[in-house]
Every structure is written in C-alpha cells, then in structure tokens.
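Below are the chains, spelled out letter by letter.
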Amino acid sequence: MILVTGGAGFIGSNFVLRWCAHTDEKVLNLDALTYAGNLANLQSLNGSEQYQFVQGNIGDASLLTRLFAEHHPRAVVHFAAESHVDRSIAGPEAFVETNVVGTFRLLEAARSYWNKLEGAAKTAFRFLHVSTDEVYGTLGVSDPAFTEITAYAPNSPYSASKAASDHLVRSYFHTYGMPVLTTNCSNNYGPFHFPEKLIPLMIVNALAGKALPVYGDGQQIRDWLYVEDHCSGIRRVLEAGVCGQTYNIGGWNEKTNIDIVHTLCSLLDEMAPAAQRGVINQQSGKPVLQYAELITYVTDRPGHDRRYAIDARKIERELGWKPTETFETGIRKTVEWYLNNQQWVAGVIDGSYRDWVAKQYETGKQ
Ligand code: NAD
Ligand code: TYD
C-alpha cells in the first residue's frame, strides 16, 4: 500500500481518485483537514476496501510512527502543505509549521521505518515529495524556462517554505541514502480546486455576478497543467524515477492571467450565458450581459512573481511522460465540472463541507 499525505486537498484528492481507478493497490490518506481539505472530494470512495482515511497532522511524530508500523507502506507520496501564496503573505507561520517542520517530521518517521526494512522491501521503498516550480523564483519574458538545475530563488513565504522542504528531502538522499524523489510542477487546474485560487475563483465569482479581481496589470504569466496530467506524472516518477533526482512537470502552456480570465469569461458566455441565468452584477445591481464586464483590476500582490515556465523535457526524455490534455481541452472540462458540481461549490462557500468530518465519524466510516 501507499501512504498519501494531503489527499483531501485539490491535487491529493485527484491523485487518490486516479490511483484507485488505475490500480488495485491500497492507499492510506493522512490529512489534517485544514480549510483546504475536503472529504467530499473523495465521496465516491466511501465504502471502498482500497481506500482508508486518517485525520491527522504530518507534524505529529507519534501518529506517523504508528501509521508506518501498522500499515507498512511501500511508498509515501507527500502532498500535504499550506499552498496559497496570498495566505502565506498574510500569515507565514503555518507555512513554516506544515511545509518545513511537517515535512521534516514525515522524513524522520519515514527514515526510521525505512531503516528497519530489509531486502527487497528496503530497496523498493520510495518517498516522493510533491513540490512546485515557484521555488525557482521569477523569470523575465524572454528567459529560458526552469530546468531541474535552475538555482532556487523563492520570493514568497510559500515558495520559501517549499524550497526549504525540497532541500531537506534532497539532504535525506545525500546524507542517509534514503530513496527520495522530488517533483516540481507548474500551476495546476481542474476539478476540486479550492475557489481561492485564480481559475476556480473566477468561475465561481462570475456565476455569482461578483467582481473578477485581477492583480496589478494582469500580465503575469503562469504555466498551466491539467491536474490529471500532474497525477499521471507523479505516478510515472514513482514507478520509474531515479532516486535522488528531481523532475519538473509541466504542460508547456504559458498564459497571462488576463488571458486566462478572458478565456473563462468566453467559455461561461457560451456554456452558461449570464442573461439566461439571470446573473446580476453585485456592484452595479444591473443584469450581466457578458461575464467580462465583471473584470476588475485590483492592487497587485506584494512580491508578485512575473513569470513561471517549466521545461519538462527531462521527464519526457527519461521517463517517457507527456501531458495528454491541451489547455483548450482541459480548461473546457474544468468549466464544465464547476457548472455540473454547483453543490460542491456551494458546500465550500457556505462552509458545510467541513461537516463531512463529523458525518464520517458518526457513521463509523473513516
Ligand atoms: P491544497 O491546499 O488544496 O491541499 C493541501 C492538503 O493538505 C489539504 O487537504 C490539507 O488539509 C492538507 N494539510 C495541510 N496541512 C496539513 C498538515 N499539517 N498535516 C496533514 N495534512 C495537511 O493544496 P494542493 O493545491 O492540492 O497542493 C498539493 C501539493 O502540491 C502541495 O505540496 C503544493 O505545494 C504542491 N503543488 C501545488 C500546485 C498547484 O497548482 N496547486 C502546483 C505545484 C505543486
Ligand atoms: P494563484 O492561483 O493564487 O496561484 P500562484 O500564485 O501560486 O501562481 O494565482 C495565479 C495567478 O493569478 C497569480 O499571478 C496571481 C493571480 N491572481 C489574480 O490576479 N487574482 C486573484 O484573485 C488570484 C487568486 C490570483
């Protein structure tokens, strides 16, 4: 079986769902259920023999020791993190606690467990650390994309805490010989994305007639990857990656933020016309005719990185991985998903998704 941390979050839950669809191997999901953890994402696995959930913190050393001893995972796939740059600016401490100290505790528990393994089990064990392209800092418009040897230059408390965790993971390979792998991925989008991040926030706000807040001039560039492609990249690295190596994962889809917002507005105009839905502009009180009317430029994010771009040639060359979605197919699927899952969105907005924990424990299911 494998141990996944942060499996109730955006990418983690997509990963767990895809894992269960692709293999029969069991998965144990350890998640603290912070505001970003949502067990409704994994509702389709309720009652499955293959999947088990434990609510807990990756910083809890005794819990980790017990879970390793009881479940004997052959691998750890580590997603758990505080992940939102704006929150890291408002309150960086949780980022240091989870991303740095939490990763350290998880590494220590994994090392102690791995040390006691013998023979084939010891050789086969893997610790896969899921990280971000943001550790590399920011690029100028004509700079080459980030490769695995680009020097780290994190600019936000979020990226600095992820960079610190990447360094710890690296050191466990070089110092202890632990079989670790690191992936650095570009911005993800797709189902179950918490609506504090750009793409889901814009969809949810547009449908509610709220302002679409574009930071600064909107010309910042991100490199977008459909979440299922990220998950397939992680599975491939887990299966065939060389220990101690890092792999950049990306979709070769650089877009400015303002282009993304316009694309979303056009898709919504086509798939959920504002006039038909009776959407009212919450600022002016007038009916919305086209969603782009709602675009509002707001004060820029402090220290805002201008451009990220991933050079994903290494994972393609060495492991034969390539994304399957284009941006056009992936973004259309994403808008469709949000339109078809308004109940999920409503549960997140009104906070009722948090009742899931209580319900799960009431019925004795974990
Ligand atoms: P998310 O914020 O949606 O989910 C994080 C999950 O971790 C939540 O379920 C939360 O409850 C859990 N968690 C937080 N602190 C915890 C703790 N102390 N102990 C146990 N669980 C805890 O994040 P995401 O967008 O799914 O990102 C997952 C990972 O992928 C992160 O490590 C992030 O840095 C990395 N990543 C994200 C992106 C992206 O575009 N979202 C891109 C590249 C890499
Ligand atoms: P975000 O989804 O927060 O991801 P990250 O900061 O990790 O790249 O933001 C993506 C881009 O969109 C980033 O340049 C900031 C910008 N942005 C806005 O312009 N408005 C918003 O309301 C949000 C949430 C982000």
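What comes next concerns the included structure. (Residues numbered from 1 in each chain as written. Chains lettered and ligands numbered in written order. Predicted model: local features only at pLDDT ≥ 70, side-chain atom pairs only at ≥ 80, totals over all residues. Heavy atoms only, no water.)

For the rest of this paragraph, the subject is the site of ligand 1. The immediate surroundings of ligand 1 are formed by 28 residues, with Ile-11, Asp-31, Ser-83, Tyr-158 and Lys-162 found nearest. Ala-32 places a polar main-chain atom, nitrogen or oxygen, 3.0 Å from a nitrogen atom of ligand 1. Phe-79 has a polar backbone atom sitting 2.9 Å from an oxygen atom of ligand 1. When ligand 1 is considered free in solution it has 830 Å² of accessible area, and contact with the protein chains removes 97% of it. Contributing elements (two or more residues each) for the shell around ligand 1: helix H1 (10-22), strand E5 (126-132), helix H6 (157-176) and strand E7 (187-189). Taken together, the residues that form the shell around ligand 1 break down as 13 nonpolar, 13 polar and two charged. (Near = heavy atom within 4 Å. Polar contact = N/O pair within 3.5 Å; in protein donor to acceptor, adjacent residues only side chain to side chain. Areas by Shrake-Rupley, 256 points an atom, 1.4 Å probe, with all protein chains shown as cover. Helix = DSSP H or I, 4+ residues; strand = E, 2+ residues; numbered from the N terminus. Nonpolar A, V, L, I, M, F, W, Y, C, P; charged D, E, K, R; others polar.)

Next up on the list: the sheet that holds E7. Read from one edge to the other, the open sheet built from three strands follows the order E7-E9-E11, with strand pairing classed as mixed. Either end of the sheet is taken by a strand with one partner, and the two such strands are E7 and strand E11 (254-256). Neighbour-to-neighbour, the strand axes of this sheet turn through a mean angle of 50 degrees, independent of strand direction. Here three bridges tie strand E9 (residues 221-226) to E11, and the two strands are oriented antiparallel to one another. (Pairing = 2+ DSSP bridges. Axes fitted to C-alpha atoms, helices over the stretch in contact; angles between N-to-C directions.)

Here the focus is the packing of helix H12 (residues 327-340) against helix H13 (residues 342-349). Between H12 and H13, the least distance of the axes is 5 Å, while the angle of their chain directions is 75 degrees. By the angle class used here, H12 and H13 are roughly perpendicular. Listed contacts from H13 to Trp-337, Tyr-338, Leu-339 and Asn-340 of H12 are Gln-342, Trp-344 and Val-345. A breakdown of the residues in the contact of H12 with H13 according to their chemical character gives five nonpolar, two polar and no charged. (Parallel < 35°, antiparallel > 145°, perpendicular 65-115°, else oblique. Contact = heavy atoms within 4.5 Å.)

By the alternation rule, side chains of strand E1 (residues 2-5) split into Ile-2 and Val-4 and Leu-3 and Thr-5, which are all buried. Where E1 lies against strand E2 (residues 27-31), four bridges are found, and the strand directions are parallel. By the bridge assignment, Val-4 is partnered in E2 with Asn-29. This β-α-β element, E1 to H1 to E2, shows right-handed connectivity. Direction of pairing for E1 relative to strand E4 (residues 75-78): parallel, over a ladder of four bridges. Its bridge partner lying in E4, Thr-5 is registered against His-78. (Buried < 20%, exposed > 50% of the residue type's maximum accessible area, 1.4 Å probe, protein only. Right-handed = clockwise from strand over helix to strand, strands pointing away.)

Within the structure, ligand 2 sits among 16 residues, and Glu-134, Pro-213, Arg-222, Arg-301 and His-304 are positioned closest to it. A distance of 2.8 Å separates an oxygen atom of ligand 2 from a polar atom in the side chain of Arg-222. Contact distances for ligand 2 include 2.5 Å between an oxygen atom and a side-chain N or O atom of Arg-301. Contributions of two or more residues to the shell around ligand 2 are made by helix H7 (198-207) and strand E8 (212-215). When residues of the shell around ligand 2 are assigned to their parent elements, the largest contribution, three residues, is made by E8. When grouped by side-chain class, the residues that make up the shell around ligand 2 number seven nonpolar, four polar and five charged.

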